[in-house]
Amino acid sequence: MKEQGFFGELQLSKKILSAITDMGFEEPSPIQSKTIPVALEGKDLIGQAQTGTGKTAAFGIPMMERLVDSRHIQALVLTPTRELAIQVAEELAKIGKFKKVKVLPIYGGQPIERQIRALKLGVQVIIGTPGRLLDHMRRKTIRLDFVNQVIIDEADEMLDMGFIEDVENILENISTDRQTMLFSATMPKEILALSEKYMKDPVSITTSKEQITVPLIDQVYYESRDKLDGLCRVLDAETTGQCIIFGRTKKGVNDLTASLQARGYMADGLHGDLSQSQRDRVMKKFRDGDLEILVATDVAARGLDIEHITHVINYDIPQDPESYVHRIGRTGRAGKRGVAITFIEPREFRQLKLIEKIVKTRILRKQLPTLTDIMERRRDLIKNQVMQTIEQGSYTDYHTIVADIANYHDPLDIAAAALKLFQEGFREKTEEKPMFSQTGGADGMVRLFMNVGRAQNIRPDDIVRTVAEEAGIPGNIIGLINIYDKFTFLEVPVDVAERVLTVMHRNTIKGFKVNVEPAKARQ
Ligand SMILES: Nc1ncnc2c1ncn2[C@@H]1O[C@H](COP(=O)(O)OP(=O)(O)OP(=O)(O)O)[C@@H](O)[C@H]1O
Ligand SMILES: [Mg+2]
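Residues numbered from 1 in each chain as written. Chains lettered and ligands numbered in written order. Predicted model: local features only at pLDDT ≥ 70, side-chain atom pairs only at ≥ 80, totals over all residues. Heavy atoms only, no water.

- The name given to the protein in an unreviewed UniProt entry is ATP-dependent RNA helicase CshA, with Anaerosporomusa subterranea as the source organism.
- Heading Catalytic activity (unreviewed entry) of the UniProt record for the protein holds this comment: "ATP + H2O = ADP + phosphate + H(+)".
- The record held by UniProt for the protein lists under Sequence similarities (unreviewed entry) the comment "Belongs to the DEAD box helicase family." (UniProt positions renumbered as here; feature names shortened; annotations may be inferred.)

Put into structure tokens, the structure is as follows:
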């Protein structure tokens with residue numbers, strides 16, 4: 001991060017400074033050096049800074065500094081999601097570790113008795129989602145009488161329709177003689193006006209007036225009629241680290257997760273209908289790097305800080321520009337680079353332009369990777385894996401086999417044949433995908449073999465009709481397929497075949513097979 005002086009210049013106690021050093025922070029980020037002095041004075045403030053620039057510590061450091069040695073709840077942080085409450089609690093606990101501050105996340109989905117037991121032990125800082133907090137307040141298991149610092153993280157989201165009533169209810173139970181701080185990467189004007197209601201002469205601190213998104217994120221879009229096919233191509237040709245794919249609905253997230261898993265990708269889903277233990281399990285796998293792809297609704301759009309995310313993919317275009325900013329902000333954090341990809345259908349072009357305009361950024365159009373791109377990348381991957389294996393030197397068990405074969409063949413041929421085998425195993429994952437635009441025959445036609453004879457309990461022509469309709473195949477071809485109901489092949493244009501295969505992969509019907517090969521050149 002930029003030259004901003006040092007934490008040592010910020011009038012912090014030794015315990016807090018040591019904790020910051022332990023966290024590996026060398027110098028304050030811009031939002032931190034601007035807000036910490038103001039917050040330490042106890043003033044109300046509204047802080048806006050780009051995603052991933054350290055807003056949590058910007059309020060966390062002065063908050064921890066101002067806590068006194070008592071077992072009452074003195075500070076309250078409100079967050080829109082459970083995962084964010086947990087993450088913020090962890091970061092605050094790190095800042096307060098030498099001061100031995102007791103920090104507790106309070107959120108729905110976790111057994112309330114467990115939270116009540118933890119509260120009884122004495123807690124100084126609570127990080128919570130509004131619903132569960134209100135629950136505790138009604139049960140009188142949380143008393144907010146001594147709270148004198150309130151932070152609303154993701155403030156624009158929290159003061160928006162969905163949360164506003166709950167937040168107001170909570171604030172009414174906290175002394176007005178308090179410090180209130182709001183933070184977010186986006187602060188729409190309406191929210192700013194509304195926030196005045198809860199604050200006393202707030203100081204406004206902004207570090208990102210010009211550009212709301214982080215310049216370290218490359219922003220591109222693809223226009224695709226078949227987004228699933230497009231997504232798989234991009235995943236095969238591009239992704240290197242972990243990625244988050246955002247979908248619009250819970251069902252959409254479930255469907256996409258299943259489709260990706262069926263194609264051999266290491267993907268799992270996150271949305272509000274899962275049980276808390278499922279949500280925790282998926283998040284843990286993702287944070288530990290044991291999961292490559294997290295498919296999520298906007299529940300994962302705000303605040304989450306996961307180190308190795310290199311790509312954010314909007315499988316469905318976000319509903320509004322703010323959502324775009326927060327979603328893509330899951331990558332390109334703390335000075336690292338990232339890539340943000342948005343898929344649009346032709347009719348969504350205007351929505352994309354609106355996002356560009358409000359966010360004041362350019363989102364560049366890209367062509368989907370071709371089969372050649374994917375093959376090239378696969379070759380690179382194989383080369384790297386082979387070189388790595390040789391460097392690690394853990395392959396000596398295979399020496400005898402190679403020595404055996406070397407009695408008959410040249411070592412170069414042996415290695416190449418072994419790679420071919422390796423590559424074919426490798427291909428299992430992707431070969432099911434309809435990716436043969438370039439394998440078309442002489443006139444762009446391919447031969448589509450359909451074997452519907454072995455499908456169980458479903459009438460072959462029903463299958464064919466469903467597939468054909470979903471794939472948008474022209475009526476005359478549906479007729480043709482129906483005529484040969486047991487086993488047939490058709491010569492169809494490449495794009496028709498692609499659609500048939502995509503639909504086939506969406507509806508896995510046992511015993512129903514479709515194969516494709518290039519049509520022979522016509523005489
Ligand atoms: N001064 C610093 N030096 C180095 N790393 C830092 C510093 N401050 C924060 N970080 C790290 O930067 C990352 C992003 O911080 P944080 O989650 O607070 O961002 P944010 O501004 O709240 O983003 P968002 O808008 O997405 O919520 C975290 O991993 C955090 O530990
Ligand atoms: Mg944050």
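**So, the packing of aromatic side chains**
Phase 1: On inspection of all chains with the given rule, the structure shows four aromatic pairs.
Phase 2: Residues Tyr221 and Phe349 carry aromatic rings whose centres are separated by 6.3 Å and whose planes lie at 55 degrees to one another, so their mutual orientation is tilted. Taken together, the positions of Tyr221 in strand 8 (residues 217–223) and Phe349 in helix 14 (residues 349–359) put the pair 128 residues apart, joining distant regions of the chain.
Phase 3: Judged by relative accessible area, Tyr221 falls into the buried class, the value being 5%.
Phase 4: Given the relative accessible area of 31%, Phe349 is considered partly exposed.
Phase 5: Through successive ring pairs, a cluster of aromatic residues spans Tyr222, Tyr315 and Phe343.
Phase 6: Just above the ring of Tyr315 sits the side chain of Lys227; from NZ or CZ to the centre is 4.9 Å. (Phe/Tyr/Trp six-rings, centres within 6.5 Å; stacked < 30°, edge-to-face > 60°. Helix = DSSP H or I, 4+ residues; strand = E, 2+ residues; numbered from the N terminus. Buried < 20%, exposed > 50% of the residue type's maximum accessible area, 1.4 Å probe, protein only. Lys NZ or Arg CZ within 6 Å of the ring centre and 35° of its normal.)

**Looking at the sheet that holds strand 6 (residues 179–184)**
Phase 1: With parallel pairing, the seven strands of this open sheet are ordered in space as 3-4-2-5-6-1-7. The open sheet has two free edges, formed respectively by strand 3 (103–106) and strand 7 (203–206), since each of these has just one partner strand. Each strand axis lies, on average, 15 degrees off the axis of its neighbour in the sheet, ignoring direction.
Phase 2: With four bridges joining them, strand 2 (residues 75–78) and strand 4 (residues 125–128) adopt parallel strand pairing. Bridge assignment links Leu78 to a residue of strand 4, and that residue is Gly128.
Phase 3: Across the sheet, helix 4 (residues 82–95) lies against strand 2, strand 3, strand 4 and strand 5 (149–153), angled at about 175 degrees from strand 3, the strand it touches most. (Pairing = 2+ DSSP bridges. Axes fitted to C-alpha atoms, helices over the stretch in contact; angles between N-to-C directions. Contact = heavy atoms within 4.5 Å.)

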